[in-house]
2 protein chains.
Amino acid sequence: MARNRAKMTFLENNTSRKATFRKRKEGLMKKASELSILCGVAVAVIIEGEYSSVPEVFPREDVGSVIDKWDKLSQADKDKKMVNHEKYLKQRIEKAKEKLNKVNKENREMEMKELMFDCLRNKTAPCFLGPNELRDLGVFIDQYIKILSRRIETLTNNQGSSSTSVVPAAAGTTSVAMPTAAMGSSSTGFNNMIEENMNEIPNVKDFDLNRCSEE
Amino acid sequence: MARNRAKMTFLENNTSRKATFRKRKEGLMKKASELSILCGVAVAVIIEGEYSSVPEVFPREDVGSVIDKWDKLSQADKDKKMVNHEKYLKQRIEKAKEKLNKVNKENREMEMKELMFDCLRNKTAPCFLGPNELRDLGVFIDQYIKILSRRIETLTNNQGSSSTSVVPAAAGTTSVAMPTAAMGSSSTGFNNMIEENMNEIPNVKDFDLNRCSEE
DNA sequence: CTGTCTATCTTTAGCAG
DNA sequence: CCTGCTAAAGATAGACA
């Protein structure tokens, strides 16, 4: 996993597999050692090598004591803890998918936001938008206005004399059915609010899909 | 091990120790998983947590099969493989020390080389050198000249008409007792040779001592 | 094969919500 | 307690000696 990102599959090439085995075994042992030292816990690592007839074993007084404790557990406890590799990987895939969905959602939101502010700047919606996109944009703007309204309400009610410059009470909770049209004639107060928010248009986040395929 | 380098000791702070434990446990499991996949070997990791009553266990069909194989080994094989943590760390320290010595040696050599070429440039030895340093420098230059002579011999004997421009046969194998004096009146041939070598004066290498203290 | 180098990729300590 | 972020340290694949 350097120079060029390798995909996470069995290494067919004999030479490189063995080289990788040696290197990564060292790395794993080191990590185990560090975890053991930093957190004061016993750690045992057993690697059943195709390269060494005898399993490679890591640290801690003797591996036996750690193993013994494992052996003495009830079967129920073992079942609970003994995640096999496939389950482990499935768990990781699930987590990765969740993250992917979340980031995709965030991306969509941000694109919407950018689009919305573009509309405001040009006083019209981009001509490349289809009916579906326009509807989605409308829904998004509705929600956005609601959020802004709620915030305005909170701020005016709780701390009317706050130093934070907030637009008094324009563009209330009215839902905008056809937003692009509505925005073309928005009030001055609303425009001020827009100005303030212009600065915080975030960039579309990136999400590395390879991280999913790797796990 | 980010932002600021932490020393490798038990984490006294309860909160950060637990946080580190969780993070590093995940990391260790991931590494184990990867090693298992890439090299097609069975790997078992058992972590006896102070945070979980039951040991944390990693992958591979069932950990039991890996453990069983370990259990079935002869005591002799076990002793051979069952390096305890202290031994493991001592081994690493040994290796680190060897590396340190090696790098120190290289550094000294390179400093000598630089010094030598400084002498040649200025046609005299730096005034800050004590008798011992001068003697060491003399010894070094002796050796250097010998190496050069040997190379010249090889090249002139084996490929006298080679395209490689090499000084014919100056500054033979004569040992220089007081090198700085001798060099002040060196032959033109030798000076040419020096010119050629000027380009390859290497920088003094660095060696991170922290890497030793950490292990 | 065993060790060394280094450009890249991955892990993680310390913070901020 | 947990989650997410990020700068910095660590790990390592591929090439080479």
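Note that this is a predicted model, so its numbers are computed, not measured.

S.K.: What is the right way to look at the packing of helix α4 (residues 85-122) of chain A against helix α1 (residues 14-39) of chain B in this model?
M.R.: When two helices pack together, their arrangement is captured by the angle between the axes and the distance separating the axes. Packing of α4 of chain A against α1 of chain B leaves a shortest axis separation of 12 Å and a crossing angle of 120°. Relative to α1 of chain B, the element α4 of chain A lies oblique. Note on packing geometry: the crossing formed by α4 of chain A with α1 of chain B is left-handed. Taken together, the residues of α1 of chain B that come into contact with α4 of chain A (itself represented by His85, Tyr88, Leu89 and Arg92 of chain A) are Glu26, Met29, Lys30, Ser33, Ser36 and Ile37 of chain B. Of the residues that constitute the contact of α4 of chain A with α1 of chain B, the class distribution is 4 nonpolar, 3 polar and 3 charged.

S.K.: Please explain the protein's contact with DNA strand C as it appears in this structure.
M.R.: Around DNA strand C there are 20 residues in total, and Arg3 of chain A together with Met1, Lys23, Arg24 and Lys30 of chain B lie nearest to it. At 2.9 Å from a base nitrogen of DNA strand C is found a side-chain nitrogen or oxygen belonging to lysine 23 of chain B. Side-chain polar atom of arginine 24 of chain B to a phosphate oxygen of DNA strand C: 2.9 Å apart, as the coordinates give it. Put simply, the parts of the chain that give the surface near DNA strand C at least two residues each are α1 (14-39) of chain A together with α1 of chain B. In terms of residue count, α1 of chain B provides more of the surface near DNA strand C than any other element does, 6 residues in total. The residue makeup of the surface near DNA strand C, split by class, is 4 nonpolar, 4 polar and 12 charged.

S.K.: Honestly, the UniProt feature "domain: MADS-box" (unreviewed entry) in chain A in this entry has me stumped. Any pointers?
M.R.: Under the feature "domain: MADS-box" (unreviewed entry), the UniProt entry names residues 1-47 of chain A. The span residues 1-47 of chain A carries 55% helix and 13% strand; its end-to-end C-alpha distance comes to 21 Å.

S.K.: Mind showing me how you'd approach the nonpolar core here?
M.R.: Grouped together as the largest cluster of nonpolar side chains are 28 residues, with contacts concentrated most on Ile47 of chain A together with Ile47 of chain B. Secondary-structure elements contributing two or more residues to this core are α1 and β1 (42-48) of chain A together with α1 and β1 (42-48) of chain B.

S.K.: Can you walk me through α1 of chain B in this structure?
M.R.: Side chains that are three or four residues apart share a direction in an α-helix, a result of its 3.6 residues per turn. Residues and elements named next belong to chain B. Taking 1.5 Å per residue, 26 residues should reach 38 Å; α1 reaches 37 Å between its end C-alpha atoms and fits that length. If you check the start of α1, you find a side-chain oxygen 2.8 Å away from the backbone N of threonine 15, and it comes from asparagine 13. Glycine 40 lies just past α1 and shows a positive phi near 60°.

S.K.: Got a minute to help me understand the pairing of β1 of chain A in this structure?
M.R.: Successive residues of a regular strand alternate their side chains across the two faces of the sheet. Alignment of β1 of chain A against β1 of chain B, held across 7 bridges, turns out to be antiparallel. Pairing of valine 45 of chain A across the sheet is with valine 45 of chain B, part of β1 of chain B.

S.K.: What is the right way to look at the pattern of salt bridges in this model?
M.R.: When charged atoms on two side chains of opposite charge get close, those side chains can pair. Within this structure, the stated rule accounts for 6 salt bridges over all chains. One salt bridge connects arginine 135 of chain A with aspartate 136 of chain A, and the closest N-O pair in it is separated by 3.5 Å.

S.K.: Would you mind showing me how to read the packing of aromatic side chains here?
M.R.: With the rule as written, the count across this model stands at 4 aromatic pairs over all chains. Here a set of aromatic residues connected by ring pairs shows up, and it is made of Phe117, Phe140 and Tyr144 of chain A.

S.K.: What's the story with the confidence of the model for chain A in this structure? I'm lost.
M.R.: Where the model shows low pLDDT, its predicted coordinates should not be examined in detail. Averaged over every residue, the pLDDT of chain A is 73; residues scoring 70 or more account for 57%. A low-confidence stretch, residues 162-188 of chain A (pLDDT under 50), is modelled with 37 contacts involving residues beyond four sequence positions or located in other chains.

S.K.: Mind showing me how you'd approach the protein's contact with DNA strand D here?
M.R.: Near DNA strand D, the surroundings consist of 19 residues, among which Met1, Ala2, Lys23 and Arg24 of chain A together with Arg3 of chain B are the closest. Near-protein atoms of DNA strand D (within 4 Å) split between backbone and bases, with sugar and phosphate holding 64%. Here a phosphate oxygen of DNA strand D sits 3.0 Å away from a polar atom, N or O, in the side chain of lysine 30 of chain A. If you list the elements that add at least two residues to the surface near DNA strand D, you get α1 of chain A together with α1 of chain B. Broken down by element, the residue count for the surface near DNA strand D peaks at 6 residues, all from α1 of chain A.

What counts, and where the lines are drawn
Residues numbered from 1 in each chain as written. Chains lettered and ligands numbered in written order. Predicted model: local features only at pLDDT ≥ 70, side-chain atom pairs only at ≥ 80, totals over all residues. Heavy atoms only, no water. Axes fitted to C-alpha atoms, helices over the stretch in contact; angles between N-to-C directions. Helix = DSSP H or I, 4+ residues; strand = E, 2+ residues; numbered from the N terminus. Parallel < 35°, antiparallel > 145°, perpendicular 65-115°, else oblique. Left-handed = near helix turned anticlockwise from the far one by under 90°. Contact = heavy atoms within 4.5 Å. Nonpolar A, V, L, I, M, F, W, Y, C, P; charged D, E, K, R; others polar. Near = heavy atom within 4 Å. Polar contact = N/O pair within 3.5 Å; in protein donor to acceptor, adjacent residues only side chain to side chain. UniProt positions renumbered as here; feature names shortened; annotations may be inferred. Core = buried A, V, L, I, M, F, W, Y, C linked by side-chain atoms within 4.5 Å. Buried < 20%, exposed > 50% of the residue type's maximum accessible area, 1.4 Å probe, protein only. Expected span 1.5 Å × (residues − 1). Pairing = 2+ DSSP bridges. Salt bridge = Lys/Arg side-chain N within 4 Å of Asp/Glu carboxyl O. Phe/Tyr/Trp six-rings, centres within 6.5 Å; stacked < 30°, edge-to-face > 60°. pLDDT = per-residue confidence, 0-100.

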